[in-house]
Amino acid sequence: MSSCKDEQIIMMTHRANMPTNTATTTTTTTATSSMTSGSQKLFNLLDFTRRYLRVRNELARQFLAEIISTFILISFGCASVAQYTFLRRRDASSSTFLAINVSWGFAVTLGILVAGKVSGAHMNPAVSLAMLLTGRMGAIKFVLYTIGQFIGAFLGAALVYLIYYDTISRYPSAQFNELASIFATYPSSDSLRHVGGL
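The notes below deal with the structure included here. (Residues numbered from 1 in each chain as written. Predicted model: local features only at pLDDT ≥ 70, side-chain atom pairs only at ≥ 80, totals over all residues. Heavy atoms only, no water.)

So, about the overall build of the protein. Scanning the protein from N- to C-terminus turns up nine helices and zero strands. For the protein, the proportion of its 198 residues judged to be buried stands at 22%. A separation threshold of at least 6 residues defines the contact pool for the protein, and within that pool the share at least 24 residues apart is 65%. About 14100 Å² of surface is accessible on the protein, with carbon and sulfur atoms providing 66% of the total. (Helix = DSSP H or I, 4+ residues; strand = E, 2+ residues; numbered from the N terminus. Buried < 20%, exposed > 50% of the residue type's maximum accessible area, 1.4 Å probe, protein only. Contact = heavy atoms within 4.5 Å. Areas by Shrake-Rupley, 256 points an atom, 1.4 Å probe, with all protein chains shown as cover.)

Here you go:
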């Protein structure tokens, strides 16, 4: 017992006899305290977000996740089609169809990363309908998912329209079908003429 006390006394004496540089100690203490206060503020912000801005209802979280994931899918995908359409009109060699494929693939991947763990990231009413028909989803959840997907899709398309508004408004009205292909897919105009379409 006495040997432990002797060791503590020797350590305290040794520390007291060591020369210290007060400027270095003060600088280190100030830097550490400023880092601590910065990280403390960030922690407080995250804690505030977790406590007060978190959506606690599981269906509401899934609904919002479907809105966000579908918004990401449509905004990235339609923006790539718009870019391809407008660049092809200026210079046919400057844009490739592969860019559209890569962009849609990236959009699907990003949508799954954002909402996959929350809602399964269906991003398409057809997927939700298949889940309903196979008994993996209830009717109320199906309706909420479908509404969320429609909202997200329209918001994504609206964002693309706003981004390319100037270019869209200057586009010749004679080539409306080409412009409409940014937001929808449909048969080519040649096919429609043969079956009595426009």
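With that settled, the discussion passes to the nonpolar core. Judged by nonpolar contacts, the single largest core of 21 residues is most densely connected at Ala 82, Phe 86, Val 160, Tyr 164, Leu 179 and Ile 182. Secondary structure elements with two or more residues in this core: α3 (58–90), α4 (97–119) and α6 (139–163). At nine residues, the largest contribution of residues to this core is made by α3. The residues contacting Ala 82, other than those within four sequence positions of it, are Val 160, Tyr 164 and Ile 182. (Core = buried A, V, L, I, M, F, W, Y, C linked by side-chain atoms within 4.5 Å.)

Structurally, His 122 is set in the loop between α4 and α5 (125–133). Taking the relative accessible area as the measure of exposure, His 122 reaches 11% and is therefore buried. In terms of polar contacts, His 122 uses its side chain to reach the side chain of Ser 128, at 2.9 Å. Dropping the residues within four chain positions of it, His 122 is found in contact with Glu 66, Val 127, Ser 128, Met 131, Met 137, Tyr 145 and Gln 149. (Polar contact = N/O pair within 3.5 Å; in protein donor to acceptor, adjacent residues only side chain to side chain.)

What follows deals with the pattern of salt bridges. Scanning all chains against the criterion turns up one salt bridge. Here Asp 47 and Arg 51 are joined by a salt bridge, their closest N and O atoms 3.6 Å apart. Of this pair, Asp 47 and Arg 51 both sit in helix α2 (residues 22–52), four residues apart, roughly one helical turn. Overall, Asp 47 belongs to the partly exposed group, its relative accessible area being 23%. (Salt bridge = Lys/Arg side-chain N within 4 Å of Asp/Glu carboxyl O.)

Turning our eyes to something else, we now look at α3. In this model α3 runs 48 Å from its N-terminal to its C-terminal C-alpha over 33 residues, within 8% of the 48 Å that 1.5 Å per residue would give. Sitting at the head of α3, Asn 57 places a side-chain oxygen 3.0 Å from the backbone nitrogen of Leu 59. (Expected span 1.5 Å × (residues − 1).)

Another point: α4. Given 3.6 residues per helical turn, the α-helix brings residues three or four places apart onto the same face. Taking 1.5 Å per residue as the helical rise, α4 with its 23 residues ought to reach 33 Å, and the 31 Å between its terminal C-alpha atoms agrees with that figure. The largest bend in α4 is about 40°, located at Leu 113. Of all the positions in α4, only Ile 100, Ala 107, Gly 111, Ala 115 and Ser 119 are classed as buried. Contact partners of the buried residues in α4: α3 and α6. (Bend = angle between axes of the 7 residues up to and from the residue.)

Another point: the environment of Arg 54. Summarising the element assignment, Arg 54 is placed in the loop between α2 and α3. Judged by its relative accessible area of 53%, Arg 54 falls in the exposed class. Not counting chain neighbours up to four residues away, the residues in contact with Arg 54 comprise Thr 49 and Arg 61.

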